[in-house]
Amino acid sequence: MYKKQKLVVLTGAGVSAESGLDTFRDSGGLWGKYDPQVVASIDGWRADKGLLINFYNDLRVGLKDKQPNKAHLLIASLEEKYNVTVITQNVDNLHERAGSTRIIHLHGELTKVRPELGEYDRTYSEKEVIDIGYGTIALGEKAPNGQQLRPHIVWFGEAVPKIEKAIEEVESADILLIVGTSLQVYPAAGLYRYADPHIPIYIIDPKDVSIHDGRIVHIKAVATSGMEEFVQKLEKN
Ligand code: OAD
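The structure contained in this document is the topic of the report that follows. (Residues numbered from 1 in each chain as written. Predicted model: local features only at pLDDT ≥ 70, side-chain atom pairs only at ≥ 80, totals over all residues. Heavy atoms only, no water.)

### Points about the site of the ligand
Taken together, 23 residues lie near the ligand, and Phe24, Arg25, Thr181, Ser182 and Asp205 sit nearest. A distance of 3.2 Å is found between a nitrogen atom of the ligand and a backbone nitrogen or oxygen belonging to Gly14. Side-chain polar atom of Arg25 to an oxygen atom of the ligand: 2.7 Å apart, as the coordinates give it. Relative to its unbound accessible area of 790 Å², the ligand is 93% covered by the protein chains. (Near = heavy atom within 4 Å. Polar contact = N/O pair within 3.5 Å; in protein donor to acceptor, adjacent residues only side chain to side chain. Areas by Shrake-Rupley, 256 points an atom, 1.4 Å probe, with all protein chains shown as cover.)

### Observations regarding the pairing of strand β2 (residues 83–88)
Among the six residues that make up β2, five are buried, leaving the element largely enclosed by the rest of the structure. Bridge count between strand β1 (residues 6–11) and β2: six bridges; the pairing is parallel. If you follow Lys6 over to β2, its bridge partner there is Asn83. Here three bridges tie β2 to strand β3 (residues 103–105), and the two strands are oriented parallel to one another. Paired with Val86 across the two strands is Ile103, which belongs to β3. (Buried < 20%, exposed > 50% of the residue type's maximum accessible area, 1.4 Å probe, protein only. Helix = DSSP H or I, 4+ residues; strand = E, 2+ residues; numbered from the N terminus. Pairing = 2+ DSSP bridges.)

### Considering the sheet that holds strand β5 (residues 130–131)
One open sheet holds the three strands; their spatial order is β5-β4-β6, and the pairing between them is antiparallel. In this open sheet, the two strands that pair with only one neighbour each are β5 and β6 (149–153). Pairing of strand β4 (residues 108–115) with β5 involves two bridges; the strand directions are antiparallel. When the sheet's bridge partners are listed, Lys112 is paired in β5 with Asp131. Contacts between helix α5 (residues 49–63) and the sheet are confined to β4 and β6, with β4 contributing the most and set at about 140° to the helix. (Contact = heavy atoms within 4.5 Å. Axes fitted to C-alpha atoms, helices over the stretch in contact; angles between N-to-C directions.)

Below you can see the structure in the form of structure tokens.
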């Protein structure tokens, strides 16, 4: 019987740039305006919970009016012919809204919150994660377990619980596609190393790529036109 090939797509902020969302490390990016140690680290949370709650409230509210772009839509449409898993570093929900059905959010999700847990506590369980859509939370607002609610975001200094699942997906890929990530943040940046040495790796990014591997085909373009080119390449093969 015909079996669909497995296409694993690793995305970063660049896939959402044409939807009007800031990337992090490009000029004008989020980390040029804000210090990630302040707004995206567990130490930053401990230092000023109210500041982080407001920072992510603003991002969450701002997400409401953003729309998936052609790149998100093309990735979703590839499910017709491929067994597609999206591994995204993005905390937006544009892959979901474009129709992708298998998505691993490595760095959490903006539209969700969960109880904060103490320093030596167990990690959160999926049952504790609450979908608040584009709503806001406040300092003093508690989860059902009595703890302060926090954004469902993986901050610097925290574990990345979904990495094991992501590694399994990359290990079993027939094709790996990487879109719009500077590959600066680990463990996500090292995921491609788990790919079978015989499979092709495509990277869509308008800038030079930071990794060098003979298998890499660099489509030097923004995500929307790069995805069109990638789909054409697949059709030719
Ligand atoms: P970066 O801002 O580090 O990288 C964005 C990449 O997208 C760069 O390689 C750009 O060249 C590329 N790019 C820019 N515009 C593009 C476009 N229109 N189409 C395609 N590519 C484009 O963002 P990430 O690699 O996603 O984590 O950053 C990784 C993590 O660092 C984020 O998930 C976030 C951040 O700290 C946390 O906050 C935990």
